[in-house]
Amino acid sequence: MYYDGVAGINNNMSELFPVAGASIAVIAPNRQLTSLELIAIQRDDHVSFPNYWEFPGGGAEPGETPRDCALRELFEEVGVELDPRFIIWEAFYPRRQCTDGTTTYNAFYAARVPSAQRLPLTKGTEGKACAWLRSGIFTGHSNGAVKAIPDHIDRYYDLIHGVGGKALGWLASFGD
């Protein structure tokens, strides 16, 4: 159960979906324009899914919108201050069932940046490493694949294939 945000960004979706946290996939074509690359961080040893790779993200602070949470986490984890106008997609995924019977959600955003504006990364205080990874390496479909959190791989595929059959233009034109 999720909200497919292809039709537009609505920063008030947290009223419909109580959001506990957010993550963001920042995607750019590689310099040769032959594949997509994305920003990922490698998780620490002492957390769930140790040493796995994931999109930058984390828990929302009180009063913070889901989009602002994703942008803050991106800055804290990889040193990228992203203009929100680069965000092209949002979706909400169930996170956990609360004792009162309600469900909290994680917001997932995607942003595209042109390869000419590929952003340098600076590892923050969380995670073991951060890098631009070719999408096939992140999803496990290329030589040199890394272990990525399965839910993040699924969210990437939702983005690329356009949940409900809605393709996302140039993102769908890359093969990996």
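The structure this text deals with has already been given above.
Throughout what follows, the structure given in this document is the object of discussion. (Residues numbered from 1 in each chain as written. Predicted model: local features only at pLDDT ≥ 70, side-chain atom pairs only at ≥ 80, totals over all residues. Heavy atoms only, no water.)

So, about the side chain of serine 23. Examined against the element boundaries, serine 23 turns out to sit in strand 2 (residues 19-29). With residues up to four places along the chain from it excluded, the contact list for serine 23 reads Phe55, Pro56, Gly57, Ala70, Ala107, Phe108, Tyr109, His152 and Arg155. (Helix = DSSP H or I, 4+ residues; strand = E, 2+ residues; numbered from the N terminus. Contact = heavy atoms within 4.5 Å.)

Here the focus is the nonpolar core. Ile24, Val26, Leu74, Val78, Leu82 and Tyr109 are the most contacted members of the largest nonpolar core, which totals 23 residues. The set of elements that each furnish at least two residues to this core consists of strand 2, strand 3 (36-42), helix 1 (66-78), strand 6 (87-97), strand 7 (103-112) and strand 8 (129-134). Ranked by residue count, the leading element in this core is helix 1, at five residues. Residue contacts for valine 78: discarding those within four places in its chain leaves Ile39, Ile41, Pro56, Pro120, Leu121, Thr122 and Cys130. Core analysis: the next-biggest nonpolar cluster, separate from the first, contains 19 residues, Leu36, Phe55, Leu133 and Ile153 among them. (Core = buried A, V, L, I, M, F, W, Y, C linked by side-chain atoms within 4.5 Å. Buried < 20%, exposed > 50% of the residue type's maximum accessible area, 1.4 Å probe, protein only.)

This structure, assessed with the given rule, holds five aromatic pairs. When the centroid spacing of 5.6 Å and the interplanar angle of 40° are considered together, the rings of phenylalanine 55 and phenylalanine 108 count as tilted. Pair noted here: phenylalanine 55 is in the loop between strand 4 (53-54) and strand 5 (57-59) and phenylalanine 108 is in strand 7, with a separation of 53 residues, a long-range link. Given a relative accessible area of 0%, phenylalanine 108 falls into the buried group. Measuring from ring centre to ring centre gives 5.9 Å for tryptophan 89 and phenylalanine 108, while their planes differ by 80°; the resulting arrangement is edge-to-face. One end of the pair, tryptophan 89, is in strand 6; the other, phenylalanine 108, is in strand 7, with 19 residues separating them in the sequence. (Phe/Tyr/Trp six-rings, centres within 6.5 Å; stacked < 30°, edge-to-face > 60°.)

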